[in-house]
Structures are given as structure tokens and as C-alpha cells.
Amino acid sequence: MMHKISIKVNGDLYVLSVEPWKTLNQVLREDLNLTGTKLGCGTGDCGACTVLVDGRSVTSCLTLAVEMDGKEILTVEGLAPAGEELHPIQRAFVEKGAIQCGYCTPGMELSALYLLKNNPSPSEAEIREALSGNLCRCTGYNKIVEAVQWAAKELKAEKSKSTRSK
Amino acid sequence: MGLPKFNYVAPETVQEACQILEKLGGQAKVMAGGTDLLIKMKHGALRPKTIVGLRKIKELRKISFRKNQGLFIGAMALLEEVASHPKVKKLYPAVAYAASQTATVQIRNMGTVVGNICNAAPSADNIPSLMAFGAELIIASPNGERRILLENFFKGPGEVNLNRGELVKGVLVPPPPEGSGVSYQFISQRSKVDIAAVCVAAMVVIDKGRTRDVKIVLGAVAPTPIRALEAEGLLRGKKLADRSIQKAAEQASQEARPITDMRATSEYRRLMVAVLTKRALLEARQMALAS
Amino acid sequence: MREFSVVGKDIPRPDAWLKATGKAVYTDDIKLPGMLYGKLLRSPLPHARIVNIDVSKAQALPGVKCVITGQDIPKVKYGNWRLFPATQDEYALAIDKVRFVGDEVAAVAAIDPDIAAEALQLIEVEYEELPPVFDIESALKEGAPVIHEESPNNVSVTRKIEYGDVEEGFSKADYVREDTFTVHAVSHAYLEPCSTVAQCDLDGRITLWTSTQTPYIIQCLLASTLEMRENDVRVIKPYVGGGFGGKMELRPWEFCAAFMAKLTGRPVKFTLTREEELATGRRRHPMVIYSKVGFKKDGTLVAKDLKISLDGGGYNSMGPTATFLCGNFGAMLYRYPNYRFFGQHVYTNKPPAGAMRGFGAPQSLFATETQMNMAAEELGIDPIELRIKNAMVEGDVIPDVATISSCGFIDSLKEAARMSNWKKKRKSLAPGEGIGVGCYSFISGGVFNWFNTQYPFSAAEVRVFSDGTAHLLTMASDIGQGSDTALKQILAEELGLEMKDIRVTSADTAVTPQADLGTWGSRVTLMAGNAVIDAAKKIKEKLFGAVSARFNLNVIYDMECKGGRVYAKGRPDRGMSFGEAVAMVQKAQRGEPLVARGYYTPRGKGLVTPAFSFGAQVAHVAVDQETGKVEVKKIWTAHDCGTVINPMAAEGQLEGSIHMALGYALSEQFVMDKGKTLNTTFLDYKIPAAMDMPQSKSAIVDTYEPEGPMGAKEVGEGLVSPTAPAIAEAVYHATGYRCKDLPITPEKILKGLRDTKKRKRKRS
């Protein structure tokens, strides 16, 4: 049986009919052609498919699309603020050499975003813990950790600038 | 890896959920976060005809504390919510800690404590500390509610004492007694982000220098989480000295019935039961004395 | 020393933008109109004869468009060692026998992946079980089951190396030790599961988008197995999510996608699941390594005798190369006046081992380096001192193999000791802590032409334009290591342009110049880099000629391209912008665009490689004496990679190597039961997470490789070797447990601790 769901992905509203056994990952990649969200394992262990659902990071490979009715979903394609090419986290990943093959990158960035939203000044250990649900085989994580530290600083600077200008 | 086909229903009340479960019986599976269930289905280990999703039952998301009744964790309360809940962290630190050490951030944002219990893996992170606190499950059915002590809930790996039509609403943890401490310890051989190869929780209540109560719970070393009753017996009513802790730890190791699997050998598990029991008792003692 | 403008700088990779925004297209992201989805049926048995396959029920399932078995395909075997056809032992789908659990037996293409998966369940295969063998020892026994008829003793390849007089060497030794080491299989565990999409044109030509590190090899082998002409097959490499050696052969799904695309006239996609990857994918060779070394009292090496048996699994895969290379690596690092190696590649009924980062070095050097540490202890010499005493230096000759044309090994050892405060830490660490050292040397690409290519090993085409831009076309394959960036940097440097002025098109066999052997053996920077420089030089000659004529320059003037200009060296006013110079040449050529091709094939560089890298690493560990758990606290690395093209990328390679080697040393292994891999998820195949990574500090030792582009050579593959022996020595230093069989597990350490205690009790 098909289920009708309406979801907001990166601010865009989609009304879809989905089979109950389809995962959010399948719907994003196959139905919405949002292929930035990757699939690395299908069992929730690698984090390459991480997206935010109502602000919480989840692995889209273990999320049933049918349960997403009414939810807001953020994928890597929606990360950069309107009118900007890159979100500070993305810029940090590019500049700090945190990207090699790039397959873990979208999931890694969303985990970083989830962390920084809840903890704007994380310690190195907290960053490592927050990224431990995202596997990377290329970088050894160190440059990713540096990128998140850098992005945290940038985001704080931006925030204080915008509060001052208010 | 695709999922096999199934029907999906999302009842809006506990009553409705129980009625569906009563009607469908063994063909239905309850899904909280789905992080265990869906993996089992992807691997072909389970093929339910219907999944009963609990997402729409608002009351199940609740975490609440009352001084005389204790802590209630609803079936849909996320691991992350339990791990970061101020009351849980303060009064049941071992429960918060176990939840915070379960799997990864993303899984903790999807999975629930009660789901972890009902999945009934012998290695489940959240069972030992809750058992050590003497937690009970509140089980709803079309005919009303019953309570069962958590330690009586498990029948075997993945098997629990639930009848047709029953749904675990949540877990109720009694208020921690005066002078008590509970510690949760686990070890995995391979990574800091790993499924536990052995886990142990210990609870002690120290009254006038003597051990008024003690519970030692062992995980991943038997088909279900178990109490090390004889080890507990060595300590009950006695002074909690280092030497007796060491003896109890060795006794607990004898009570374990570990197997060899890809995560550890039975020999290693047995050795680790002693190490972790000792560490858990030492930490629990420290907490009890500080309380 | 030459001053660089672009080379040697921390330049962010241009492709990182696409990857950071999710716009980079990987193979599984490709969706073509009418595309079918393929799935493979794999053998559940380790060794069996196929009696019969009935596909009728699968074919009848609505939505299924094509089902094929070994009976339907051309009977052409393949394998990367084309030079020796006898080593080519694999069919895309099993024809007579299956040789490992996971061997591909049939393929289905259907309108959606779920239907394809359902159809697999409907294929009925009748097997006649054959006795299997799962380890080297049983495979070599008299009367063991024969896995390939062509190799009645289950040995498919042997290799000997000998120089000096080993027996005489040992007779002069004061101290001789013999050890046997065993090392295990590990997975590449690239994050992107293999994926491929094939399309067949109306004229029957095939286009294949595939996650590969070797498009040219895929093109050639796909053509031969499809019985097509090479040029009728076009292979395009989209963005690739890591390879590490695991994506450098023709794979059954690539063949099946192309073959079924031809049969159905519709595009066909295959994407593997992680479970398939871990359960059946290629892996690093397990080896049994016997090593005997002799020293003089003062620590001088006099002889080494090395015998290695490789557990190859069911097929040769890249095993012949690994057999060849592990013997060469055994002769590296130190000056062995007398050396003998015997290697044999043994078939077993397990998933085949293939190429994996290090390609024989992690195994061979684990033995070398552990034995060196053991010898140092018994000789009473500091392990780093013992290494310095025997270290290779520039100009050293390995008979029949190579001349070491640049070598910073001794400096690396000294720098690693300095950075780590080795001498002090070796004496005064807290209880339960230890430090240890391990070293490596690695190749910068292979010389031996086992693929039997008819083309240069690397090629580049450079097109320049009057708007001041350039276009680089190369078949070199960026799989995440950053070759597109490094080659762009090299070209920008040569032409005096900026990164943004250069467009790169890479790894499309129909468009980029023939050929490039692909990304493996750390060959790309040196070989493709040299091809780029060759092409750039040809372009520059033309530009220099035009500018020289325009300014009527004396022929003795040296000229250069720099800062977007072309001019007489020392007389910048005598020149013009790069674009103007291009326009002048083009005018002189009456419109013909200015294009040049460059090539590189190593010649006169011995049998192995044109250049070797070197390095030393120190690991600091803390071992929990009750649980046996190892925490690697810090790793110091000093390495010699010639001129560094991009320091940030080189450091990324180093840290990635540490990650992979940490898993190799401590947490990664396959748990097998009767040929079946049990740990088929990342939950139980445990690659290190961010929390598991140690602190890392590194230094690059300054060397210049004359054969390399701008002095560059290998970086980032050899570095996967020193970590396991360094950690093993640190664990020994901390606990007294000496690991001779990887991985180092808590359980082995606890047993080692008990044995140490027993020994001490006996002594006292």
C-alpha cells in the first residue's frame, strides 16, 4: 500500500506517495534526485547518509520515508544559506583539506552542523565524539576535526557580527 | 541493501496499538526508532508482515520524574534525550551514561532506550544499569496494564516475555535509595565506538559502613543479561572492602556463561567480567560514599 | 633549489567544492533513461562444481529483462597480468566451478533493484560440493583438493630473487635469528561501494561509467571479454569514493552491466551492497613470512633469507604482483650484502586477495621491522641506531632491481627520534606505556609491464588558448588522492599560470590521450606528472620561439613562463602575456591550435620502480594491563617524498595511512567460518573512528628525486607500512608481549602479560 506523505526538504515542499519499505535515503536519492546524500553501508554504521530531520541528525538509510510525514529535512544540498555558495562548514572542509574522496563529506558536514548547533564551542574530544558516527577511510579524520574547529570559530564570529549589527 | 516488503500502520494511542497487535499477533512487529528492527529485516533475519510504528503516540515520548515514584522513560524517548536529560544525569547517572555510550550520535537520535531493551540483545548497553536500579517495565494490553521487573523480562537473545496484544509503554526506575551508587562499565576490544563485548552494572547501598544492598548485572556473557547472585551474596551485609570486591569480581566471573563470537572469545569475556565488575563496584562504592 | 609559485603550496582541491556541496557525481548517482538494475547471484559454497543452473523462474518474474549465467558469456578469461596469459584465471561468471563463497554465478537485470533481488532467489543452482581448503598449509599438502586444474599443487606463481652469497653471509654472522610471522587479511573499506553503469549505443559501442582506479585496464579487459575492439569500449571514471587498490581490476559487475546492456539495449546499473563488499570483496593478502637475518656483533647486517607464502584465495587477482613486490620490499630499507627471496602464491577457497595500499609492503615490512626490533634488543643496540647503521643511502644499488637515486632515510630516522624525544621516552615512560619504531620504503610506480600495454605508461595532452587558459587532458585517475589537483599544480607551475586558468579533463578513455595505467603503486604523481611536464615543455618551446622572434632575441637567451607572461629571463620587458604568445603561435601556424602531447615510460630504471620513498615512524602507546586494550597516544612521522607538490594533501595522505594502518594493527580483521566471512557490516568490521585516532605530528625530510616531476616522488602509500611494526614494538616496550601475528588484540596481550609474569617468576 502506498502512503501519502508531505515533507519539506531544504525548504521545498514535496507531496509524495511512498511504499512503506522505502527508506528516506531511497526517496531522497531516487525520487527527488538529491544524490548528495550518499549510501555507504545501509546499516547505520558509516554515517555517509546522514541528514537532519527536524534538526536532529539521523542516518537516512534506517529511516522509513513513511515516518517522515510533516517533517523538515536538511540535506547537504540545502546546507549553504540562501544566496551563498558555501556554508562556513563547507568552506572549512574545502580550505582545510578535510575532503579527499568526498564520499563521507556530506554526512560528515551534517554531523558537524548538528554538533555546532548544540555546542558552538566544542573541545577537540567533543568533536571527535560527535563525528564518531561518520566513518572516513581517506583522511584519518584529523583534518576534518581541524575544519570543524575552524568552522566553529567562523560561525561564532558571524554570530557576534550579526548581533552587533542588530 | 533493500528492505523486504511490509505494511505499515501508525496508531495514535496506546489502546489502538494494543488492539492492532492483538489482531495481528506474531505477524506484526512494533517499531520505536527502528535502528535494530530494520537492520534485522535488511539481513533477512525478520520478515514481519506489518510494522506498527509508535511515532504518532505522543505520550510515549515522555521522560518524567516524581520523587516517590521515580523515573519514567517512555517507549519513544530517544537515547539522546535520556542521555542529556538533567534529572536522569543527576539522579541516575549510570542510566544517562549507558544511553550516551550506545552506538553513535545518529543512532541515539533515532533509537530509544525501551527499543534497546525490547530488542533483547544480550549486549544491550541500557539494560544492566536499569536492572541494577531495579527498574520495572510497564506493559499495556487491550485489557489494561501490568508491570514486570526488568530482570524477569528476557527469555533469550531477541526473546522477551510479551503476550499477544501487549506493548511496552515505558520503563519505571525507582528512586535511588539513600547512600546508593550505580556504575556502568563496558568494554569492546576494537574501537571506542563499538558494540560492548562485555558490560557490567553494579549497584551498592551503603548504610553505616555496611553493604545494605547490592546488585551486579552482567551483559553479553549469557543469553540474556543476568544477575551475579552469588557474587552479590558475598558482599551483602558486609563491609565493602577492596578485598571483598576483588573476591566478588572473581565470583561474578564464575557466574558468567560467555560464548565465543566474532567480538570476543569466551575466555576473554570471562576475564573481563572480573575486571569490569571490580571497576563497577569500586565506582559504585565511591558514588555511594559521596552521596 | 628552484623557487615555485604553485607547487609546494597548500592549495585546496578544486574538486572539493563539488564534494562539499553534494554536487560531485559518483557512479551510483547516475541515472539514465530506461535504466535497468542489476544484481549478482553468488556462490554460497567455498568449492563446488556447478551441475546445473535453472533460470526459468527468474526470467518469468515480471520486470526481469535479462538473466545470464556462465553459459551465456564468451569463454574468455581475464586478469591484469596480460603479459603472462597463464595467470589470467577468472571468468566474469563461474563456468565450471565456484572457488569461494561469493563467487559470481549469475546476473539479473530488472526494472527495479527489488525485483532484481527477488529474481535472484528464483534461480536454482545445483552444486556438487568439493572439498575446500582454507589456509596455505592445507592447500600445499600432498593430495590437497585442486582449486584450478592448471595449478595441480595450488601454487599459481613463484618468484625468486637472489644476490650475493647468502650461505656465506650467514657463516660470517655473529648473530642469526629466524622468525615466522603471520599477517591477516583486511578490507579496503572505501566508503563508496563499487558501482557501474553501462550503456550500449545503436552502433553497438559500449560506454561504461564505473568506480575504478584504472579506466584503461577496464577498457582493455572489457573489450577482450566482450570480444569487442578496444576502441569500441569507452570507460569513464566519475568521482570515485576511494579505492586503495580495491578497484583496479575488471570486475564481474562491469562485464555483466556491459554484456546485459548489449543484450537488452538498455542501460544497466550495478551497485554493490556493503555486505557484498565485505563478504566477497578483494582484501589484503594474508601471508606466512619466514625470515632469517644475520648480523655482525656491531649490528652490521650480513645476510637475509626470506620465504613468503601468500594466501591468494580463489583466483590470482593481483596476487602475482604482490608476490613479486613483497620480495622486493624485503630487500629494501637496509643494505643486505647477501639476499635471497622465495615467494609463492597459493590458492585457497576464500575470497581472492588483491592489491591493497602498500601492495605487499605492509606484510613484508612488518616482518622486517619487527625482526629489526627483536635483533636490536638482543644485540643491545638502540633500535634506531641499529637502523641508521644499516640504512640505505643515495646511490645504493639493489642488484637487478634499482639504483636509489634519492634517499632521506637516515635523516628521517634522526628526525623521528628527535621529534618524539625517543631516547628519553624509551627509558622513562609511565608503567603500561611504551614507544616503538617502524620504517618503510616504497615505490613510485611500477616498471615491470605486466599489463603488456602498447602505449606509454602515462600521457598528457595540453591545449593552450589565446585567452590565457589551458586545458589538461589525462587518463590519470583521481580517486580521492588528489591527482587532478597535483597535476594541475604541476602544469600551472610549468606554464606560469594560476590554478583557475586550467581546466582538467581526466580518466575518459575516449577523450584523454592513450594511455595511463591507472592509480596504483603510487605511480601517478611521478609518471603522469612527468608526462604533463613533457607536454608543457613542448608548448613552451613553441611559445618561446614566437616571443623570441617577436623581440628578435639573441638565441642564447633563456626564456620562461611565469606570472601569466612569457619572456626572456632577466629581461621581463622582452615578452608578452601568455595569451598573446599563444595567439602569435596560432597565427604562425595559420590557425592551428597549440596542442602538445607528453609521455612518460620509465626506461633504464631497473625492474621495479623509477624512485623510492623512505620514512620512519615512532608510536607511543598506553596499554591497559587489566583489559589488554591499546591506546595509541601519538605518532611521529618523518618521511622523504622528494619535492612536495601539495603539503596539505601530502599530510592528508599520511594521516589516512595512519588510520588504515591503525586498523591493520589493532582492530580490523575478517572473522571466517569455513570460507564464509562473518563480519559483513561496519558494526563488526571495525575501521577506526574519529575517537580512535592518535595525535599525529610529521616532518618532511628535504630530498630531490631526479627522476620525478620537479623532484617529487611517492607519498602516502608507503606510509601505511611502518605503523603496525611501530605499534607492535611499543606494545612490547609497554608489556613484554611481542606480536608476531597480526592483529594485536587485547586477548593476545593479556596472554603475553601472563607469559611475561611466568618468565619473570622463573628467572627470580
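Please refer to the structure placed before this passage.
Keep in mind that this is a model prediction, so the values were computed, not measured.

A. Spotlight on the layout of surface pockets. Size it by volume and the second largest pocket reaches roughly 830 Å³. For the lining of the second largest pocket, the elements supplying multiple residues, two or more each, are helix H4 (136–140), strand S8 (175–183), strand S13 (287–295), strand S14 (301–313), helix H17 (647–667) and helix H19 (746–763) of chain C.

B. Broad picture of the interface of chain A and chain C. Counting residues at the interface gives 47 residues for chain A and 50 residues for chain C. With both chains or domains summed, chain A and chain C bury close to 3,900 Å², and 56% of this area falls on carbon and sulfur atoms. When residues of chain A are sorted by the area they lose upon contact with chain C, Gln100(A), Tyr103(A) and Arg137(A) head the list and together hold 21% of the total. Taken together, the connections running from chain A to chain C amount to seven salt bridges. The partner of Glu655(C) in a salt bridge is Lys143(A), with the nearest N and O atoms 3.8 Å apart. Joining chain A to chain C, the criterion identifies 25 residue pairs in polar contact (both at pLDDT 80 or more). Counting only elements with at least two residues in the side of chain A that touches chain C, the list comes to helix H1 (24–31), helix H2 (88–95), helix H3 (105–118), helix H4 (124–130) and helix H5 (142–165) of chain A. Each residue belonging to the side of chain A that touches chain C can be placed in one class, and the counts come to 18 nonpolar, 14 polar and 15 charged.

C. Representation of the packing of aromatic side chains. One pass over the full model with this rule turns up 27 aromatic pairs over all chains. Ring geometry for Tyr103(A) versus Tyr26(C): centroids 5.1 Å apart, planes at 85°, classification edge-to-face. With Tyr103(A) in the loop between H2 and H3 and Tyr26(C) in the loop between helix H1 (16–20) and strand S1 (36–42), the pair connects residues from two separate chains. Per residue, the accessibility class of Tyr103(A) equals that of Tyr26(C), and both read buried. Look at Phe100(C) and Tyr315(C): their rings are 6.2 Å apart centre to centre, the planes differ by 85°, and that puts the pair in the edge-to-face class. Placement of the pair is Phe100(C) in the loop between strand S4 (97–98) and strand S5 (104–110) and Tyr315(C) in the loop between S14 and helix H9 (319–330), with a sequence separation of 215 residues. Taken together, the ring pairs in this structure connect Trp81(C), Phe84(C), Phe324(C), Phe448(C), Trp450(C) and Trp520(C) into an aromatic cluster. Taking the ring centre of Phe551(C) as reference, the NZ or CZ of Arg550(C) above it sits at 4.7 Å.

Rules used in this analysis
- Residues numbered from 1 in each chain as written.
- Chains lettered and ligands numbered in written order.
- Predicted model: local features only at pLDDT ≥ 70, side-chain atom pairs only at ≥ 80, totals over all residues.
- Heavy atoms only, no water.
- 1 Å grid on protein atoms, 1.4 Å probe; cavity = no way out; pocket = protein on both sides within 12 Å on 5 of 7 lines; lining within 4 Å.
- Points joined across faces, edges and corners; volume = space filled by probe spheres on them.
- Helix = DSSP H or I, 4+ residues; strand = E, 2+ residues; numbered from the N terminus.
- Contact = heavy atoms within 4.5 Å.
- Buried area = accessible area lost by both parts, 1.4 Å probe.
- Salt bridge = Lys/Arg side-chain N within 4 Å of Asp/Glu carboxyl O.
- Polar contact = N/O pair within 3.5 Å; in protein donor to acceptor, adjacent residues only side chain to side chain.
- Nonpolar A, V, L, I, M, F, W, Y, C, P; charged D, E, K, R; others polar.
- Phe/Tyr/Trp six-rings, centres within 6.5 Å; stacked < 30°, edge-to-face > 60°.
- Buried < 20%, exposed > 50% of the residue type's maximum accessible area, 1.4 Å probe, protein only.
- Lys NZ or Arg CZ within 6 Å of the ring centre and 35° of its normal.

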